[in-house]
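Breakdown of the fold
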Amino acid sequence: MISIAAAAANSARGVSRLGRLISSIYRPPKPSFFSLPPLLTTPPKITSFSSSTNTTDEGFNANPVALQMINYALSLARSHKSDESYGQGLLVLEQCQSTQSDDNSKGLVLLAMSTLSSERGDFDEAIEKLQRIPDLTISSMAIRVAATEALVGLHLELGQDDTSSVLADICIQLLDAIKLEFGSGYASRVLESRAKAVKGLVELVRGNLESSESYFQGVQEGKDCVSNVALSYGEFLHVTRKFSMAKELYEKAIEVISEKKDFSDPHNLAACNMAAEEVLLAATCALGQLEAHMGNFTNAEELLTRALTKTEEHFGSHHPEVGVILTCIALMFRHKATLERSSSLLIQEGLYRRALEMLKAPPLESEGAEEKMYRSDIVALARGGYAETLCVQQNRKAEGERMKSWAESVWRNRRLSLANALEISDPSSKVPVIDARISRVL
């Protein structure tokens, strides 16, 4: 029996990789759940920096030694993706922090420290580091926007939508300050687009499509619509069934991010689940979902396989984000079977089971566990899909009904019901889109 991690090594073989994946998933999950961190704040995450970091039209030059130490610490922490390697990376950053004299460099180090803490699941520590950033005299507005954008993204991922909305409004309020600092130059336009796009994403999550559209108006034009802006607007178009336009934006997000080499552009200074690697993964996953919704299942399978491989490489083969992508793959097989009037129950069941294991889903009998559950959108969708595969089997129907009842009780999406999310064969039906950045169903 081949493991998920072993299957990842065969990703170059494309579609055949899913065959190996499917053969590895028939194992019962070990249910558990995450406790959520406090509501107030969550950490941004940075990937890497170039010594040519120039985050505004005027720019600022961070200490090149600090940048080297940040990059070294991130690489060290991710080398083994273990508690020990992350601890070593944090020690490097603590040493770096103690030697910095300018606040921009200190801010970058704190963001990196928050990043490592959040990646290993220590949200309280990440929050503490992030809460120290407002006390710094940071001159770069790009750092402020990136941090606020990341806070919005993390609160959305935690299901704290009201907090995300407040933070997004704060980001919008930064626009006047941006214009005062930068005028109407390129950096000002980019940061304004990012601030509006993250508010549009919040409204999309909350099911307010008309409000969401108002924030995306105008951002699709010119060079400003890349990265998170392109992905979020693409998701809005995807949800509203403007498939061709959504596909163009997803492809643009993937192409532009793939070309980025450093952070010399204000689009590139991003953090947390809004960082470049995570946007690239989410855009690839979204494009795969779109191809499935258009009936192009060969393309969908290839793209989702690529997203799975990259997710395992970035987060590790047992990270909950892997469960998010596996859920997308299971839904793709479900949609394909429905349209082609074929059966893939065993494949779907195995994928859902493996996804729920990665997502640390609580057992059905856990009293009140769903209130503390992490990534509840995806867990409910995966368990609902799993229930459907059981309900058509006479000897397992009772188990399926119990699972379905649990999933429906946990489902909180404001735009569509769980049944809507699982049944999208009708051209007039609402289309669910899983945003892999924030682990939410749009």
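A count of helical and extended segments in the chain gives 19 helices and two strands. The burial tally for the chain puts 60% of its 442 residues in the buried class. Considering only contacts within the chain whose residues lie at least 6 apart along the sequence, 70% involve residues at least 24 apart.

What follows covers the packing of helix α4 (residues 83-99) against helix α5 (residues 103-119). Running from N to C, α4 and α5 point in directions that differ by 165°, and their axes come no closer than 10 Å. The angle between α4 and α5 falls in the class roughly antiparallel. Our pair here, α4 against α5, has a crossing hand that is left-handed. Judged by residue contacts, Tyr86, Gly89, Leu90, Leu93, Glu94, Cys96 and Gln97 of α4 engage Lys106, Val109, Leu110, Ala112, Met113, Leu116, Ser117 and Glu119 from α5. Looking at the contact of α4 with α5, its residues break down into nine nonpolar, three polar and three charged.

For the coordinates displayed, the defined rule picks out zero disulfides. Of all cysteine sulfurs in the structure, the one in Cys285 sits closest to Cys328, which takes part in no disulfide; the separation is 3.5 Å.

Let us look at the nonpolar core. Of all hydrophobic cores here, the largest spans 121 residues; its most connected members are Leu93, Tyr250, Ile329, Met332, Leu381 and Ile434. Those residues in contact with Met332 that lie beyond four places of it in its chain are Ala292, Phe297, Ala300, Glu301 and Leu304. One finds Ala150, Leu154, Leu158 and Cys272 within the second-largest nonpolar core, a separate group that totals seven residues.

Compared with the 24 Å implied by 1.5 Å per residue over 17 residues, the 24 Å span of α5 between its first and last C-alpha is a close match. In terms of burial, α5 is a largely internal element, 16 of the 17 residues being buried. Looking at the residues trailing α5, positive phi occurs at Gly121, about 90°.

The subject of this paragraph is the confidence of the model for the chain. Here the chain averages 80 in pLDDT, and 79% of its residues register 70 or above. Taken element by element, the predicted model of the chain shows its lowest mean pLDDT in helix α1 (residues 4-8) (37) and its highest in strand β1 (residues 434-435) (97). Predicted confidence is poor over residues 25-59, with pLDDT under 50, and the contacts of this stretch with residues over four places away or in other chains come to 146 contacts.

Here we take up the pattern of salt bridges. Enumeration over the complete set of coordinates arrives at 19 salt bridges. With a shortest N-O distance of 3.0 Å, Glu157 and Arg375 are connected by a salt bridge. Of the two residues, Glu157 sits in helix α7 (residues 141-157) while Arg375 sits in the loop between α16 (345-358) and α17 (376-391), which places them 218 residues apart along the sequence. Per residue, the accessibility class of Glu157 equals that of Arg375, and both read buried.

Here we come to helix α11 (residues 227-239). The terminal C-alpha atoms of α11 lie 18 Å apart, and with 13 residues this matches the ideal 18 Å at 1.5 Å per residue to within 8%. With respect to burial, α11 is a largely interior element, 13 of its 13 residues being buried. Count one or two residues on from α11 and you reach Arg241, which has phi positive near 65°.

Tracing the backbone shows Asp169 in helix α8 (residues 161-182). The exposure class of Asp169 is partly exposed, given its relative accessible area of 31%. Distance from Asp169 to Val152, taken between C-alpha atoms, is 9.8 Å for residues 17 residues apart in sequence.

To continue, consider the environment of Val152. As for its placement among the helices and strands, Val152 is situated in helix α7. Val152 has contacts with Ser164, Leu167, Ala168, Val198 and Val202, leaving out every residue within four places of it along the chain.

Mapped onto the secondary structure, Gly295 falls in the loop between α13 (276-293) and α14 (297-315). As for Gly295 and His335, which are separated by 40 residues in sequence, their C-alpha atoms are 8.5 Å apart.

Locating Arg383 in the fold gives a position in helix α17. Here Arg383 occupies a buried position and makes no salt bridge, while the nearest side chain of opposite charge, Glu365, is found at 7.9 Å.

We now examine the packing of aromatic side chains. By the definition in use, this model includes three aromatic pairs. Between Phe216 and Tyr233, the aromatic rings sit 5.2 Å apart at their centres with planes inclined by 35°, giving tilted as the arrangement. Of this pair, Phe216 sits in helix α10 (residues 209-216) while Tyr233 sits in helix α11; the two residues are 17 residues apart in sequence, bridging distant segments of the chain. According to the relative accessible area criterion, Tyr233 is buried, its value standing at 8%. On the numbers, 6.3 Å between centres and 10° between planes, the contact of Tyr233 with Phe236 is stacked. Separated by three residues within a single helix, Tyr233 and Phe236 lie in helix α11, roughly one turn from each other. Like Phe236, Tyr233 is buried. Through a chain of ring-to-ring contacts, the aromatic side chains of Phe216, Tyr233 and Phe236 assemble into a single cluster. Cation over ring: Arg383 sits above Trp406, and NZ or CZ is 4.5 Å from the ring centre.

About the thresholds
Residues numbered from 1 in each chain as written. Predicted model: local features only at pLDDT ≥ 70, side-chain atom pairs only at ≥ 80, totals over all residues. Heavy atoms only, no water. Helix = DSSP H or I, 4+ residues; strand = E, 2+ residues; numbered from the N terminus. Buried < 20%, exposed > 50% of the residue type's maximum accessible area, 1.4 Å probe, protein only. Contact = heavy atoms within 4.5 Å. Axes fitted to C-alpha atoms, helices over the stretch in contact; angles between N-to-C directions. Parallel < 35°, antiparallel > 145°, perpendicular 65-115°, else oblique. Left-handed = near helix turned anticlockwise from the far one by under 90°. Nonpolar A, V, L, I, M, F, W, Y, C, P; charged D, E, K, R; others polar. Disulfide = S-S within 2.5 Å. Core = buried A, V, L, I, M, F, W, Y, C linked by side-chain atoms within 4.5 Å. Expected span 1.5 Å × (residues − 1). pLDDT = per-residue confidence, 0-100. Salt bridge = Lys/Arg side-chain N within 4 Å of Asp/Glu carboxyl O. Lys, Arg positive; Asp, Glu negative; His and termini not counted. Phe/Tyr/Trp six-rings, centres within 6.5 Å; stacked < 30°, edge-to-face > 60°. Lys NZ or Arg CZ within 6 Å of the ring centre and 35° of its normal.

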